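Tertiary structure, described
Each chain, letter by letter, is given below.
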Amino acid sequence: MPTQAERSATTHRRLLEAAVELFAAKGYQSTTVAEIGARVGQSRGAVTLHFGSKDGLLSAIVEILTDEWEEGAFLPSLEEGAGSLEDAIDAALRAHRTALEEDPTFFALYDALLYEAIGPASPIRAEFAALHRRLRERIAQHVETGQKEGLVQPDVDPEGLAIWLLGSLRGIVHQYLIESKALDLDAAYAELRHAMLARLVVTDTTDTTDTAQATGAAAADTAPAASP
């Protein structure tokens, strides 16, 4: 028979799950604590008991979302390919696409809460701002490291690149959530990958220069002598 602590932990988890489903479907403002409690067979007081308030429940969900995405998927994928810029890009895009296709509800909730965070008095505005700063900083750090190692073009602005990348990924998410069957994810991620590599990677011009010089020399050797 479950102990009181175990029953409490189960209720806590189920309230979180219910809130995730309702917030994703209806938005934060349109969801009441009574609806959340009823979803798991509890009264509205259960939310207050476990989270202090509806805002407290929202903060707990945001913390889970940021931890799962930042610490569980995106940032580790950048580290996975740390030895190669191309591998890092591939790993990051692969992690994003896998998460989007396997758990679209996560992204639907993330987007719904992101719009809730836009309001100046939003209780989660600061948390989303902090998440975005951390993501931009970590991406920028990888770009700066690549520049120091001569792998990334020196004229790339690390912060600007981070903003562009996150914006591009968010755009893919928005379109996928609205019309998943009509969206060609293969093409979308392939084009984003191509654009990133074209902008970031330092191309080795040594071979090209040597070939051009050799071709020029050969042409000079075989050209007829100029008439006096």
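**Thoughts on the overall build of the protein**
- A tally of helices and strands in the protein yields 10 helices and zero strands.
- Counting from the amino terminus, helix and strand elements in the protein follow one another as α-α-α-α-α-α-α-α-α-α.
- Of all 228 residues assigned to the protein, the portion counted as buried reaches 35%.
- Long-range contacts, defined as pairs at least 24 residues apart, comprise 62% of the intrachain contacts of the protein with a sequence gap of at least 6.
- Total accessible area on the protein is roughly 12900 Å²; 54% of this is exposed by carbon and sulfur atoms.

**Details of the confidence of the model for the protein**
- Considering every residue of the protein, the mean pLDDT works out to 82; 82% of them sit at 70 or more.
- Here helix H10 (residues 206-222) stands out as the element of the protein with the lowest mean pLDDT, 42, in contrast to helix H9 (residues 185-200), whose mean of 96 is the highest.
- The model gives residues 205-228 a pLDDT under 50, and that stretch makes zero contacts with residues more than four places away or in other chains.

**Some words on the packing of helix H1 (residues 4-26) against helix H6 (residues 104-117)**
- Remark: H1 packs on H6, axes separated minimally by 8 Å, with the N-to-C direction vectors making an angle of 65°. On the basis of their axis angle, the class for H1 and H6 is roughly perpendicular. Crossing of H1 over H6 shows left-handed handedness. Two secondary-structure elements touch here, H1 through Val20, Phe23 and Ala24 and H6 through Thr105, Leu109, Ala112 and Leu113.

**A word on helix H8 (residues 158-178)**
- Over its 21 residues, H8 runs 31 Å from end to end, which matches the ideal 30 Å to within 8%, given 1.5 Å per residue.
- Regarding H8, the residues found buried are Pro158, Leu161, Ala162, Leu165, Leu166, Leu169, Ile172, Val173 and Tyr176. Projected onto a plane normal to the axis of H8, the buried residues spread over an arc of 125° and lie on a single side.
- The opening residue of H8, the one whose side-chain oxygen lies 3.1 Å from the backbone nitrogen of Glu159, is Asp157.

**Looking at the side chain of His96**
- Checked against the element boundaries, His96 lands in helix H5 (residues 85-102).
- The buried category is assigned to His96, whose relative accessible area is 3%.
- Side chain to side chain, His96 and Tyr189 meet in a polar contact 2.7 Å long.

**Side note on the side chain of Asp111**
- By the element assignment, Asp111 lies in helix H6.
- No salt bridge forms around the buried Asp111; measuring N to O, its nearest opposite-charge neighbour Arg170 is 4.9 Å away.
- Excluding anything up to four places from it in sequence, Asp111 contacts Val173, His174 and Leu177.

**Comments concerning the pattern of salt bridges**
- With the rule as written, the count across this model stands at nine salt bridges.
- Notably, a salt bridge pairs Arg199 with Asp155, separated by 3.3 Å at the nearest N-O pair. Taken as a pair, Arg199 in helix H9 and Asp155 in the loop between helix H7 (125-148) and H8 lie far apart in primary sequence, 44 residues in all.
- For Arg199, a relative accessible area of 32% translates into the label partly exposed.

About the thresholds
Residues numbered from 1 in each chain as written. Predicted model: local features only at pLDDT ≥ 70, side-chain atom pairs only at ≥ 80, totals over all residues. Heavy atoms only, no water. Helix = DSSP H or I, 4+ residues; strand = E, 2+ residues; numbered from the N terminus. Buried < 20%, exposed > 50% of the residue type's maximum accessible area, 1.4 Å probe, protein only. Contact = heavy atoms within 4.5 Å. Areas by Shrake-Rupley, 256 points an atom, 1.4 Å probe, with all protein chains shown as cover. pLDDT = per-residue confidence, 0-100. Axes fitted to C-alpha atoms, helices over the stretch in contact; angles between N-to-C directions. Parallel < 35°, antiparallel > 145°, perpendicular 65-115°, else oblique. Left-handed = near helix turned anticlockwise from the far one by under 90°. Expected span 1.5 Å × (residues − 1). Arc of directions from axis to C-beta. Polar contact = N/O pair within 3.5 Å; in protein donor to acceptor, adjacent residues only side chain to side chain. Lys, Arg positive; Asp, Glu negative; His and termini not counted. Salt bridge = Lys/Arg side-chain N within 4 Å of Asp/Glu carboxyl O.

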